[in-house]
Amino acid sequence: MAQETKVRESTGTDANGHTAVGQRVTRLDGAAKVTGKTVYADDMKMPGMLHTSVLYAPHAHARIKSLDTAKARAVPGVHAVITAADLPDYNRKDSNRTGLIFPDKEVLFFGQPVAAVLSEDPHVAAEAVELIEAEFEPLPAVLDAVAAMEKDSPLVRDPLHDVDRSEERGHVSVETKETEQEGEPSNIASSAPFERGDVAAGFAEADIVIERTWRSAMVHQSYIEPHATIADYDISGELSVWTSTQAPFYIRDELAQAFGIPENRIRITATEVGGGFGGKIYLTELMVAALAIAVKRPVKYIMSRKDDMLAATPAPFAHIELKTGMKRDGTLTALQARLIYDSGAFPGAPMLPGCMLIGGYYRCDNIDIKGYEVLTNKVSVGALRAPGAHNATFAIESHMDIMAKELGLDPLEMRLKNAVAEGDLMPNGQTYPAIGLRECLEAIADSDVWRRRREVEATPNRGIGLAVGGWLGGLQPASAIVCLNPDGTLNVTVGSADITGTNTSFQQITAEVLNVPLDMVNVETGDTKTAPYAGMSAGSKTVYTVGRAVKAAAEDLKQQMFELAMKRLEVEPEDMEVANCQVQVKGAPDRAMTFKRFGKLSTNFGAPFPVIVGRGSIAARKTAPGFTAQAADVEVDPDTGDVTLHGYAIAQDAGFAINPLSVEGQMQGGASQGIGIALWEEMRYDEDGRLLNPNLLDYRLPTSRDLPPIETIIVEVPSEEGPFGARIVGEPSIVAGPAAIGNAIDSAVGARQHEVPITPERLLRSMGKL
Amino acid sequence: MRTFEYKAPETIDEAVSLLKEAGGSARPLAGGTDLVVQMKERATRFPYPATIVSLDRVSELRGVDFSETDGLRIGAGATMTDVATHPAVRERYAALAEGAGVVGSLQTMNMATIGGNVCNAAPSADTVPPLLVYDAKAVIVGPNGRRTLPIAEFFRGPGETALESDELLAELRLPVPATGTGAAYQRNTPRKQMDIAVVGVAVALTLSGDAIEHARVALGAVAPTPLRAMSAEAALQGQPASEETFAKAAEAAAQDSTPITDIRASADYRRHLVKVMTARLLAEAANRAKGTA
């Protein structure tokens, strides 16, 4: 996508002498977005392009008896109707959501794609799809993940085999003893134990033991732009896909395997992503590519909001049983948990990160955590910003509050006493690198919201709640290229989709290394045929990994210029520096060669220098977990159950905020989503497994008037490997909301909330008023 | 969306004859904020229309006028914004301004019409409880001329009205509220905007000193149609405007309601809200009545 580079000046130099990083910079893509110029996948048209309308399964679980497409095919303007029988050959993997385009025997969830109609007119396609005569024989639908674990439960589906977990690994790196479903067929897709010490002894030692069950609803990422994909397969065997994705290279690799096409003959272009939040990794591309291969014409598939809510990859319902023990002095003595994540009809639920976080915030010698990923006949789940984290955090952070209250301890002091720091153990036995959980707690203590606690809590029906959150982050190798142009400007090319302003951070990093104004640097995301490799923009790792590659590429380019300048400047590279868009001799800035001169000398006819191209390529081995502490100020209407938020504060460790404006935006955005999950968001199914609210009226996201001002405090505990000490930023902010609000409500009206969303009705019932 | 014929008449008579010609296969289009969404989602309560008769160019349907003798006339084509911002509506019919002022977003309010809100006949329509407490009358035009119906008789069920397929709602007429009248509308929604009433309550009280001379209580989203809470009104009539009276009336209003459990709320919760909101609104209306007396 072409982007305009706006001239922008740095606002100054910070305490560390930085001129570009650490500055508050507006986004490279900002002007195009706010003026409506940005081109999204749905804006793109190809000659001869066909539109797709999909037939979605009308049952949660049913045998396909027959599919008669004659009437649909007969509609004037219909180009083709494609069912499982009409698909081109592909490497089908029935146990994977993205390994199976259309089922031929059995549908496993309400909304599963069964067939597609193609037409040049999208309205014709929509009309014809209703004429497909599909006969189903309903089978027992398994909808409750907890009941589905019972031995006598009906099975959701055939036993799993060859489960591909590569997508999950993109979001978080967890080393563990996870076991896939084996032995007797069951609905448990996988399970994992995390054990340390002796929990029985730990509980015996405790002065109080709290045991509760916590439930959090299935929620949807609710990006503004639903899934949107165009594919084209030409007669020479080249496959091109333009798609709204966070993961172009991942899709390339998957499609190469699916169709047996070499990776160098597939071009995936990540179009501008109108919101992804983990939900735009790989979903519709296989089907659209197969349709394009089948009809040899470009095929476009744009999900409607309803399609997307029925048939994308929302975030799971979780049922979490937690038992904790604490001594009177606030020492956590034992933690036992059973976490059940509802994965829907295919594996992929983020159970592992939930286990890692429920036992990962506080030091505890005795833990016994078991996670289960359970199949049901619902749409299968995917990632949503820190997948699995808010569910587990709601449980442990509510417990911490209950225990503080019972023991008469200050909730913040008690958390500080137990909070993990560098060298402490994670549930899987690894140790934490430098992290900023304690620093976040200290910072939130200084927020306006927390400081008015006494005053607020003296007001009837008002309360303040606190919770921490965190995310471990993903790791993947990354690369970048920086090219010097003849006029001395620089082009950076990366392969990572820019979903959060990462290209703007890369611009800052390049400008910092080469000591040039920001407008000298342009950054583009290339497609998979032109860009150097980058992992998926997921797991909060893009600036942390690709940013390092960009920094290395800029340093490489600088070094090349230094070496080329040796003859003319008559000094060694160690005695050179970059400043004022030139390479100059330290202490003698008039002995210099401008970037422009390097540009000309490396590109003109007969020029003496080779083309100057900086290359950065890194392996990422060390995680840089990001933590947050958040405080909510709420008021409860004790007669209606309505909750009003008067304020919200978030402190988050960014390691080093390369663009504080962008970091604050991430903090506010994630906090808003956490608040949404706490109070409104819930996908609701009826007893037959049909989604009741596939729209944004009855699936409620908070609006501007529902959200309070969100106070942001950036904490900076540098990471070891990240560029300039930056660590993961995108995800932690969503994690603490449900617990912080649940704790605030308890503080306001003395009613503990065990289920999110906390609807007015649930709240009133918990208060015994209904 | 499927194909349909589109007609754009300029007068009410033309519109009515187009409807008559179509013999039931046409739908009038006002702001489109309900109809177009229903057509896109194939969720119409009626057969998918073969013809759309746009009322956009029918200027006779526009306008909001008030006079001390005739009261308020609102053209069915007046938008929510026209109604909610009209000075006379705000001053004399505050409950209606409140109802029209909460429909959807600002963009919705600029498109949606009061006639559309009434004719869509959703049990939760925000303008209807206010129209009920102001004793509005619906002026209906059909092939055989005009007829007038009390608004309470206009609704027959969810999405169903007294209109024949070749009739149009032309205007709403509201008498001048008596001196000493205070009224208010409120709805409960999970969100603070962009939402649909879980319960809507409108009340109007006319006070003489401290005594209630005249009372109206109307409820939305708690029955197949918006309805007047008759036993609540009876509990108020002639009584002192006191907290006790309001509590009794609120209890009666909850008894008058027949809510269902659906995705938005349970019947229990709705009934509970009717009671809480009616008591609160009666106190508010009494305050307003005293302010105007």
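Residues numbered from 1 in each chain as written. Chains lettered and ligands numbered in written order. Predicted model: local features only at pLDDT ≥ 70, side-chain atom pairs only at ≥ 80, totals over all residues.

Draft legend 1. Seen up close, the overall build of chain A. On a plain count of helices and strands, chain A comes out with 21 helices and 28 strands. What you see for chain A is a C-alpha radius of gyration of 27 Å, in line with the 27 Å of a compact globule of 770 residues. Dimensions of chain A, computed from C-alpha atoms along their principal axes, come out at roughly 80 × 75 × 50 Å. Per-residue burial over chain A gives 58% buried out of 770 residues. (Helix = DSSP H or I, 4+ residues; strand = E, 2+ residues; numbered from the N terminus. Rg over C-alpha atoms; globule rule 2.2 N^0.38 Å. Buried ≥ 20, exposed ≤ 12 C-beta atoms within 10 Å, placed from the backbone.)

Draft legend 2. Quick look at the overall build of chain B. When you go through chain B residue by residue, the secondary structure sums to 11 helices and 14 strands. For chain B, the C-alpha radius of gyration of 19 Å lies close to 19 Å, the compact-globule estimate for 293 residues. Across its three principal directions, the C-alpha atoms of chain B cover 60 × 45 × 30 Å. A burial count over chain B gives 54% of its 293 residues as buried. Looking at chain B alone, contacts between residues at least 24 apart form 66% of all its contacts between residues at least 6 apart. (Contact = placed C-beta atoms within 7 Å.)

Draft legend 3. Molecular detail of the sheet that holds strand β15 (residues 332–344) of chain A. Residues and elements named next belong to chain A. Read across the sheet, 7 strands follow the order β7-β8-β16-β15-β14-β9-β28 without closing on themselves; strand pairing throughout is mixed. The open sheet has two edge strands with one neighbour each: β7 (179–180) and β28 (755–756). Inspection of the sheet shows strand β8 (residues 188–196) paired to strand β16 (residues 367–375) by 8 bridges, in the antiparallel sense. Looking at the pairing, P193 lines up with K370 of β16. (Pairing = 2+ DSSP bridges.)

Draft legend 4. Expanded view of unusual backbone geometry. All names here are of chain A. The omega torsion of the bond from V756 to P757 falls at 5°, within 30 degrees of zero and hence cis. The residue P757 is located in the loop between β28 and α21 (760–766) in this model. Residues other than glycine seldom take positive phi values, yet K296 does so here, at roughly 55°. A positive phi angle, close to 55°, is found at N515, a residue other than glycine. Within the secondary structure, N515 is located in the loop between α16 (502–514) and β20 (521–525).

Draft legend 5. Focus on the interface of chain A and chain B. Listed by partner, the interface residues are 19 residues for chain A and 18 residues for chain B. Elements with a minimum of two residues in the side of chain A that touches chain B: α3 (122–129) and α21 of chain A. Residue classes in the side of chain A that touches chain B are distributed as 6 nonpolar, 5 polar and 8 charged. (Nonpolar A, V, L, I, M, F, W, Y, C, P; charged D, E, K, R; others polar.)

Draft legend 6. Region of interest: helix α8 (residues 285–295) of chain A. All names here are of chain A. Within α8, 9 of the 11 residues are buried, which leaves it mostly tucked inside the rest of the structure. Among the residues of α8, E285, L286, M287, V288, A289, A290, L291, A292 and I293 are the ones counted as buried. K296 sits one or two residues past α8 and shows a positive phi near 55°.

Draft legend 7. The nonpolar core, seen in detail. One finds A289, L339, C440, I444, V550, I741 and I745 of chain A to be the most contacted residues of the largest nonpolar core, which totals 248 residues. The dominant element in this core, judged by the number of residues it contributes, is helix α17 (residues 542–569) of chain A, at 12 residues. For I444 of chain A, the residues in contact, after removing those within four places along its chain, are W450, L466, A629, Q630, A631, A649 and A651 of chain A. L19, I52, A184 and A204 of chain B belong to the second-largest nonpolar core, a separate cluster that totals 99 residues. (Core = buried A, V, L, I, M, F, W, Y, C linked by C-beta atoms within 7 Å.)

Draft legend 8. Representation of the domain arrangement of chain A in the model. Residue and element names in this part refer to chain A. Looking at the assigned domains, one finds that chain A contains domain 1 (42–139 + 221–311), domain 2 (318–474 + 622–766) and domain 3 (476–618). Using only C-alpha atoms to locate each centre, domain 2 and domain 3 end up separated by 40 Å. At the interface, 19 residues of domain 2 touch 16 residues of domain 3. When the residues that make up the side of domain 2 that touches domain 3 are grouped by side-chain class, the tally is 8 nonpolar, 8 polar and 3 charged. (Domains from an automatic or database assignment.)

Draft legend 9. Expanded view of the pairing of β8 of chain A. As defined by bridge partners, β7 of chain A adjoins β8 of chain A across 2 bridges and the pair is classed as antiparallel. What sits directly across from T179 of chain A, in β8 of chain A, is S191 of chain A.

Draft legend 10. Layout of helix α13 (residues 437–444) of chain A. In terms of burial, α13 of chain A is largely enclosed, as 6 of its 8 residues are buried. In this structure, the buried residues of α13 of chain A make contact with α12 (411–418), α14 (448–451), β17 (462–471), β25 (626–636), β26 (643–653) and β27 (710–715) of chain A.

Draft legend 11. Structural context of the packing of helix α11 (residues 389–407) of chain A against α12 of chain A. Residues and elements named next belong to chain A. Running from amino to carboxyl end, α11 crosses α12 at an angle of 115°, the nearest separation of the two axes being 9 Å. For α11 against α12, the interelement crossing comes out right-handed. Mapping the contact onto sequence places M400, D401 and A404 in α11 and P411, M414 and R415 in α12. (Axes fitted to C-alpha atoms, helices over the stretch in contact; angles between N-to-C directions. Left-handed = near helix turned anticlockwise from the far one by under 90°.)

Draft legend 12. Local environment of the environment of E524 of chain A. Residues and elements named next belong to chain A. You can see E524 is positioned in strand β20. The spacing of E524 and L28 is 496 residues in sequence and 9.9 Å in space, taken between C-alpha atoms. Not counting residues within four places of it along the chain, the set of residues in contact with E524 comprises N491 and T493.

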